[in-house]
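Geometric and topological summary
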Amino acid sequence: MGATASRAEGRLGRLAQELRALEARLREGGGAEKIERQHAQGKLTARERIDRLLDPGTRFLEIGLLVAYDRYDGQAPAAGVVTGIGTVAGRPVVVVANDATVKAGSWWPETITKMLRAQEIAMRSRVPIIYLVDSAGVNLPYQGGVFPGQYGASRLFYYNSIMRRYLRVPQIAAVMGPCIAGGAYLPALSDVILMVEGTSFMGLGGPNLVKGATGQTVDAETLGGAHTHTALSGVAHYRLPDDEACIARIRELVEELPYTAPARVTAEPEPPATDPADAYLILPEDHRQPYDVRALLACLLDGGRLDEFQADYAPEMICGTARIDGITVGVIANARGMLRDPHGGPPKFGGIVYPDSAEKVAYFIETVNRHGNPLLFIQDVSGFMVGKEVEQAGIIRAGARFVEAMATTTVPKLVLTINHASGAGYYAMAGQGFDPDFIFTWPTGRMGVMEGESAVVALFGPQLEKLKAEGKEPDEALRKKMDAVRADYEHQLDARYAAARGFVDAVILPEETREVLGLALRTALHNSGPHLGPFGIPPSLVD
């Protein structure tokens, strides 16, 4: 009882409770009234559809649940679309399901962001993607963030086309409600289209637009219903009586696809050495305080074992080979605290990258890449070391070697942020800009160029030095400015802030981390490589 209470009372425990409450609210979508309205129309909700689609008892790894939660006065939970990875017929699939309880499933700017991310996961992992379409189209007041731009809605159709023509990624689209205007190209560019009798509509324009543009009066069913597109236009391929039958048919279609499971699982999974929930006790209350990173790894790795590489050299960076859910991975983590310099110099700061540690990690990454094993970056990094000694030791060149090795590796890269993710150290530890296959964070993750206190020093340092030289203290106005900077940085460093902007795929808890990483690894390993960019077109597939 005491250990359970202390877990809940600590920093990680409090943030975990807040996260659970937020996620529960977001999963309600548009609320009970809108859900009842969906049911009254004879339709399941997006989450009910996904629940019936996935194999019983398997996990749905939701991607982007927190996206846009703090925008639009809370009116766009999950940005109106549910995206993630699940298991259908024993194989991983990506799912995109419009939530019609949120503004009729219309597209917000962040809806496009989430759908593109889902497509990128399918492309990078070469796994099927299933679209459960139920959307009124563009949310017109926000069309400026949806329609134009390189990463606007048109890129969805670009990715559709790349998957069909070059990557051979199966795409199955079920129109289970409205599918209007340009959105109709999403199913049209898929391999298979299913439609539900009486509730689905697919057309470049609805009845009102058609009447305004041409003067024709036509009902929705005749214009673009399931019978029209399966019997007359030939656009769709299967007509089903209801949502339940449609979902069952999708499962059959997935089961019919050829499938060879990846062969990189090298051992039977085994539990970690210690309870993953022990992480609640290992992470300190103050994010600046040291802790035992190896004890944390013992909560995550199979058997708690890490075959450490160069354990006595550059100890501020921990590198080694381990297994997660039976899958061999190369692990890169940041040690914390003050560490003895093997050369006899001043102690080193954990969480900081030095020239020798940068070279060590670069060599390790290249070795793991040659072996073909995935990489797991466990981030608690405050940046690269600065100062005369490290500059003269070539920190810039060593850091560049680290970054290049990480950026050009062709094996899957996964990221788990457990505390700090700051400065160029965040970049080198496979930051989002380097296209890791998946990027997760614990609620304690703090992503930003620097901490708030460092920002205060950078912004107000000369002014504070001048006051100190004059024997003066900051006045109330200056203190308020500094406090405002600290508060702003604290807000932006929150893991939920990063998740709301799509900087991470999901905020996860210690007790679910192994299962999440296992599913993500198994999904990523369906592509033997190269894992470069949002997608990579093998030359052999170009006509």
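Details of the structure are given in the entry above.
We now turn to the structure provided with this report. What you see is a predicted model; the values in this text were computed from it and never measured.

What counts and what doesn't
Residues numbered from 1 in each chain as written. Predicted model: local features only at pLDDT ≥ 70, side-chain atom pairs only at ≥ 80, totals over all residues. Heavy atoms only, no water. Buried < 20%, exposed > 50% of the residue type's maximum accessible area, 1.4 Å probe, protein only. Helix = DSSP H or I, 4+ residues; strand = E, 2+ residues; numbered from the N terminus. Pairing = 2+ DSSP bridges. Phe/Tyr/Trp six-rings, centres within 6.5 Å; stacked < 30°, edge-to-face > 60°. Contact = heavy atoms within 4.5 Å. Polar contact = N/O pair within 3.5 Å; in protein donor to acceptor, adjacent residues only side chain to side chain.

**Observations regarding the pairing of strand 10 (residues 317–324)**
Taken residue by residue, a regular strand's side chains alternate between the two faces of the sheet. Counting buried positions along strand 10 gives six out of eight residues, so the element sits mostly inside the fold. Judged from the two bridges that link them, strand 9 (residues 307–308) and strand 10 form a sheet pairing that is antiparallel. Its bridge partner lying in strand 10, Asp307 is registered against Thr321. When strand 10 meets strand 11 (residues 327–334), the two strands line up antiparallel, connected through eight bridges. Bridging across to strand 11, Ile324 finds its partner in Ile327. Where strand 10 folds back on strand 11, the antiparallel hairpin that results is connected by two residues, among which Asp325 adopts a positive phi of roughly 55°.

**Observations regarding the packing of aromatic side chains**
Counted by the stated rule, this structure contains 13 aromatic pairs. Geometrically, the ring pair formed by Trp108 and Tyr142 is tilted, given 5.3 Å between the ring centres and 35° between the ring planes. Note that Trp108 is positioned in the loop between strand 3 (91–98) and helix 5 (109–125) and Tyr142 in the loop between strand 4 (129–135) and helix 6 (154–167), a separation of 34 residues in sequence. With a relative accessible area of 3%, Trp108 lands in the buried category. We classify Tyr142 as partly exposed; its relative accessible area is 33%. On the numbers, 5.9 Å between centres and 80° between planes, the contact of Tyr159 with Phe535 is edge-to-face. Taken together, the residues Tyr159 in helix 6 and Phe535 in the segment after helix 21 (510–524) connect sequence positions 376 residues apart. No difference in accessibility class separates Tyr159 from Phe535, as the two residues are buried.

**Examining the environment of Asp341**
Within the secondary structure layout, Asp341 lies in the loop between strand 12 (338–339) and strand 13 (348–349). Take Asp341: its relative accessible area is 12%, and that puts it in the buried class. Taking the C-alpha atoms as reference, Asp341 lies 71 Å from Gly225; in sequence the two are 116 residues apart. Aside from chain neighbours lying at most four places away, what touches Asp341 is Pro346 and Lys348. Only 3.0 Å separates the side chain of Asp341 from the backbone nitrogen of His343, close enough to count as a polar contact.

**As for the pairing of strand 2 (residues 81–88)**
Along strand 2, eight of the eight residues are buried, which leaves the element largely enclosed by surrounding structure. Alternating residues of strand 2 divide into Val81, Thr83, Ile85 and Thr87 and Val82, Gly84, Gly86 and Val88, and every residue in both groups is buried. Here strand 1 (residues 61–63) pairs with strand 2 via three bridges, running antiparallel. Directly across from Leu61, in strand 2, lies its bridge partner Ile85. Where strand 2 meets strand 3, eight bridges bridge the pair, whose relative direction is antiparallel.

Coordinates in, geometry out; function isn't part of it.
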